[in-house]
Each structure stands twice: as C-alpha cells, then as structure tokens.
Amino acid sequence: MIEKQPEAEYEKQLACIEEARLLAEAEARQKGRPLFAHIETFGCQMNARDSEKLRGILAKAGYRDTENEDEADLVIYNTCTVRDNANQHVFGRLGHLNGVKRKNKDMLIGLCGCMMQEAHIVEKIKKSYPFVDLIFGTHNLYAFPELLLRALRERKKVIDVRDRMEYEPEHLPVVRKYPFKSGVNIMYGCNNFCTYCIVPYVRGREFSRKPEDILDEVRRLAADGVVEIMLLGQNVNSYGKTLDEPMSFAKLLLAAAEVPGIERVRFMTSHPKDLSDELIEAMAENEKICPHLHLPAQSGSSGLLKRMNRHYDRERYLELVRKLRAKIPDISLTTDIIVGFPGESEEDFKETLSLVSEVGFDSAFTFIYSKRSGTPAADYPDQVPDEVAHARLSKLLEVVKKGAEERCGRFTGRTEKVLVEEVNREPGLVSGRTPHNIVVHLPGDASMIGKIIPVKLSVCHGFYYSGEKDGE
Ligand code: SAH
Ligand code: SF4
Ligand code: F3S
C-alpha cells in the first residue's frame, strides 16, 4: 500500500525543479532564446492526466510548451502499450527523432508511461535507440523532477523504472489542457486480469486514493475555475474496496458532485461486473452526474467473455442495460469491443453484432485483438487470422455506425446545457458537449469557452449537432 506523498519527498522534488530551472536558465542564456519542451501522450485518460503533471513540472522548470518536436530542447513520449500498434507508433516516432537529434545534439529525449514498465521494451530501447536520454515508468512519475535534474546535470543516460508505486504523484504542479475541466485519479492499477490485457502488469495492483484526498483535490480544482471533473480509474466501480474504511464509488461520486463550483461529474471506466444499483440510483437522482456511461462489453458472446475473464455474461450485460434505461431513459451508453480474440468463432462474432444492435450504443471504440506477451491469451492456441479479424472489424464498424446514427437523433429540438470547450475550425463557431457527451457546434466566440449555456439542438448530423444559444 502506498502512502500519500510525505512532505519531505514533496519538498525534495520541488527543490529539484528549482535546480533544473537554474540549469535550463543557463542553457537558455547561452542559446539566446527560451527552451522548449514537447510532450506527446499516447493511450488513455490516465496517461493524459499524467502528462499534465509532466507539463506542470516542465513549466516550473522554465520550459515553454511547443507542438513542434523538431524545435524542442526536450521531448517526452508518455507511452501506452495496451495494443501493439501503440508500441509501433512510438518506435516509428523515435526513428524520426534520431534524425532530429543528429542535427541538435543537445536535445534531451525522455520516455515514460506504460511501455517502460515492460523490461523487454527497455532492453530494446537501450540496444536499438541509444540516443534516448531518460527512461522512467508509471510508478515513479512523482520523481520526474529528480530524474530530469539528473539528466540535465549529468548528461548521461538515466534509467529508473520501479515495480511498485512508493508515492502518489498527486501533489506535483500541473498544467491542465483545459482550464475549466480536469481528470482526477481516484485509483491506480487494476486487479482484474482480463486475459487479453497488459494493464495489470504495467500499472500494478489496484489501489484507491483516500476520499478526503480526492475531495481536497476536487475543491482545489473548483477554486481554480474547474466546472467539470472526470473521476478516473481502470475500474471505478470497485473504488474504495481496499481502503481502511471502505467506501462505495457511488458515495464518492455524490460527494464530488456536492463540491461548490463543480457543475458536472463524469467518470471512466466502469466494469460491468461491479456496476451497482446504488450507482445507477445516484446517476438517476443527481443532476450533476452526467447521464453517460462508458460500459465496455468487449464481446457479446458469453463463452468468449468467460475466456476473457470478464466475470459477466451476455445476459448480465443486457440486464444492466435494461436497469439503466429503466431509471435513466435517455442515458448515453458507449462501449469498447474487441474482435478476433483467440477462439472467436463466426457464431461468437454474430453474438457481438447482435449485442450491439440490441443495446443501441451512442458510440463504441472497436479494436482488433492484439497479442500482449505475458498475458494468458497470448498463449491460447486458436489465434484468429488477421484477415478474418479485419473483416470482422469492418462489419462491426458498420453496425456500430448505423446504431449510433439512429440514437443520436433523439435530442433533436431539445434544449440542453452545453459546456463550451473550444472555438471551432470554422470561423464564428464554437464547440461544446452536452451532459450526454454529445458534441454541439454553435455560433459564438472565445469568450464563451468554459461556460455552460442552454443550447437548442436544431440539426443532428449523425454523431453531432448544430444548434444555437437558446433564448436568442
Ligand atoms: N479498464 C478498462 C479498459 C482499459 S483498456 C475496462 O476494463 O473497461 C481500454 C480498452 O482497450 C479495453 O476496454 C479493451 O477493449 C481494449 N484492449 C485492452 N487490451 C487489448 C488487447 N490486447 N487487444 C485489443 N484491445 C485491447
Ligand atoms: Fe484491462 Fe480488464 Fe483491467 Fe480493464 S479491467 S484494465 S480491460 S485487465
Ligand atoms: Fe495504455 Fe497504460 Fe492507459 S497501457 S490504455 S496508457 S493504462
């Protein structure tokens, strides 16, 4: 069990930031220009939140953020390893960086995140990508200031990957992507060991943060202008089980919604096996809890779900959907689906298609099964050929698209509260999201960003709406 970051450790990391700042300042003076850092995030919301911490630390150390990695003095890739294409992408990008670094020898290149928690990957990088300067993992994000300082000072390769988390990284400086919304980690790791999934191996054992720490963070965010929070965990429905004083996720959600200034609460991800009636009740009764549930089904075949070690079957999933729709009739449901899991027969796949049609998802993330070494399914004998998996993915996408288009129209003519998030590429328009997480484009300007306004959803364009501010 890890502890909240003790003061002394926090002070030490802050001191490292200050020292790194002095070194960076000297380099900037020598170069006659500010130093730039580029952070590239792969993977899920958890990684996105971790990157906000990396950005916060680098900003305090005097680096300016740049989108253009070729002009950066420091490049960090925060990696994901959930599917092999995420890994291949990182290796491809490293190939490009090698060329950039040849022209700019001072460039520092750092890798962190889930890929680095795999020993064979770190070995490969040491051997084939010797120009990488800094490697650390998900468990020692809190020590980034110290590791950065060592890389800057020693100009020698720094590699530090831990197999468990010693300190939470929650007290480090943060630069948020959006001033008005934020993710909040409520737990780390995963204990579910779905047979295809690498996450429990790279993120470690499931562990819940204390409710008072989480709520403190939410209060601080609200004081800093945040109106929407997303509570993050690999399986938020099992929140609180490892606490000294166990607490349900529904209670935490309600407490977060009570924090003054917080207008909307979202959460991700819900595992169907742990979805409680108490949570459904909380979503139905509390207006601030958004009526959107991401509920990964993975497959519609009970046999396959069993071999995936998901601990629910098709009937249980459909039963949950019925319960949700009975209490929250127009709820948005989204999901994740894998095709081509070892042993997936044509019959299994048809059951997935029929589940998708029967539920009517608002959208779905669809993936081709990717073999992850070290997971049980990697050794299953009956791997599905690539061309079969690809053909199934195309078919599944068709069915998902059809269902989503049918569902999206249900809000036409309604007025919904929209949180305006950004100006649109098209001049004179802004874009935002409804509580159901549906994107709306409407006439407006940058002054509306971060505000929640009533918008009439006039025209449905399949997956999004165009609308106008109501009352004008
Ligand atoms: N904790 C979340 C999911 C995190 S990973 C949950 O259990 O719902 C996000 C999604 O990636 C998963 O839902 C799954 O659909 C997909 N995924 C995970 N491992 C995969 C693999 N080996 N191949 C293909 N997709 C995978
Ligand atoms: Fe992976 Fe399953 Fe854990 Fe989700 S619940 S992170 S799919 S092992
Ligand atoms: Fe990827 Fe790690 Fe998230 S493997 S999906 S970034 S927890």
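The preceding data block contains the structure.
Residues numbered from 1 in each chain as written. Chains lettered and ligands numbered in written order. Predicted model: local features only at pLDDT ≥ 70, side-chain atom pairs only at ≥ 80, totals over all residues. Heavy atoms only, no water.

**So, the overall build of the chain**
Here is step 1 of the chain: Along its length, the chain carries 13 helices and 19 strands.
Here is step 2 of the chain: Here the chain has a C-alpha radius of gyration of 23 Å; the compact-globule value for 472 residues is 23 Å, and the two agree.
Here is step 3 of the chain: The dimensions of the chain, computed from C-alpha atoms along their principal axes, are 65 × 60 × 50 Å.
Here is step 4 of the chain: Here the chain, with 472 residues, has 55% of them falling under the buried criterion.
Here is step 5 of the chain: A sequence separation of at least 24 residues applies to 74% of the contacts in the chain between residues at least 6 apart.
Here is step 6 of the chain: Carbon and sulfur atoms form 52% of the exposed surface of the chain, whose accessible area is close to 20,600 Å².
Here is step 7 of the chain: The averaged location of the 73 negative side-chain charges in the chain is 3 Å from the averaged location of its 67 positive side-chain charges. (Helix = DSSP H or I, 4+ residues; strand = E, 2+ residues; numbered from the N terminus. Rg over C-alpha atoms; globule rule 2.2 N^0.38 Å. Buried < 20%, exposed > 50% of the residue type's maximum accessible area, 1.4 Å probe, protein only. Contact = heavy atoms within 4.5 Å. Areas by Shrake-Rupley, 256 points an atom, 1.4 Å probe, with all protein chains shown as cover. Lys, Arg positive; Asp, Glu negative; His and termini not counted. Charge placed at Lys NZ, Arg CZ, Asp CG, Glu CD.)

**Observations concerning the sheet that holds strand E15 (residues 415–423)**
Here is step 1 of the chain: Strands sit in the order E15-E16-E17-E19-E18 around a closed barrel of five strands; the barrel is mixed. Geometrically, the sheet is characterised by an average inter-axis angle of 50 degrees between neighbouring strands, direction not taken into account. (Pairing = 2+ DSSP bridges. Axes fitted to C-alpha atoms, helices over the stretch in contact; angles between N-to-C directions.)

**A few points about the pairing of strand E4 (residues 108–113)**
Here is step 1 of the chain: Among the six residues in E4, six count as buried, and that is most of the element.
Here is step 2 of the chain: Burial of the side chains of E4 extends over both faces: Leu 108, Gly 110 and Cys 112 are buried on one face and Ile 109, Leu 111 and Gly 113 on the other.
Here is step 3 of the chain: In this sheet, E4 lies alongside strand E3 (residues 74–79) in parallel orientation, the contact comprising six bridges. In the sheet register, Tyr 77 faces E4, and the bridge partner there is Leu 111.

**Observations regarding the pairing of strand E19 (residues 464–469)**
Here is step 1 of the chain: Relative to E19, strand E17 (residues 439–443) runs parallel, the two being bridged by three bridges. Across the sheet, the residue bridging to Val 440 is Tyr 465, located in E19.
Here is step 2 of the chain: By the bridge criterion, five bridges tie strand E18 (residues 452–460) to E19 in an arrangement that is antiparallel. Considered in E19, the bridge of Cys 460 is made with Tyr 465.
Here is step 3 of the chain: Adjacent in sequence and paired antiparallel, E18 and E19 are bridged by three residues, among which Gly 462 carries a positive phi angle near 95 degrees.

**Observations concerning the packing of helix H12 (residues 346–359) against helix H13 (residues 386–408)**
Here is step 1 of the chain: Between H12 and H13, the shortest axis-to-axis distance is 9 Å and the interhelical angle comes to 15 degrees. Considered as vectors, H12 and H13 are oriented roughly parallel to each other. The chirality of how H12 crosses H13 is right-handed. Residues Glu 346, Phe 349, Thr 352, Leu 353, Val 356 and Ser 357 of H12 touch H13, and the partners they reach there are Arg 392, Lys 395, Leu 396, Val 399 and Val 400.
Here is step 2 of the chain: Split by residue class, the contact of H12 with H13 holds six nonpolar, two polar and three charged. (Parallel < 35°, antiparallel > 145°, perpendicular 65-115°, else oblique. Left-handed = near helix turned anticlockwise from the far one by under 90°. Nonpolar A, V, L, I, M, F, W, Y, C, P; charged D, E, K, R; others polar.)

**Thoughts on the environment of Glu 387**
Here is step 1 of the chain: Within the secondary structure layout, Glu 387 lies in helix H13.
Here is step 2 of the chain: According to the relative accessible area criterion, Glu 387 is exposed, its value standing at 58%.
Here is step 3 of the chain: Taking the C-alpha atoms as reference points, Glu 387 and Gly 340, 47 residues apart in sequence, are found 9.7 Å from one another.

**Quick word on the site of ligand 2**
Here is step 1 of the chain: The immediate surroundings of ligand 2 are formed by Cys 190, Asn 192, Phe 193, Cys 194, Tyr 196, Cys 197, Val 199, Pro 200, Gln 234, His 271 and Arg 310.
Here is step 2 of the chain: Residues of the shell around ligand 2, tallied by class, amount to seven nonpolar, three polar and one charged. (Near = heavy atom within 4 Å.)

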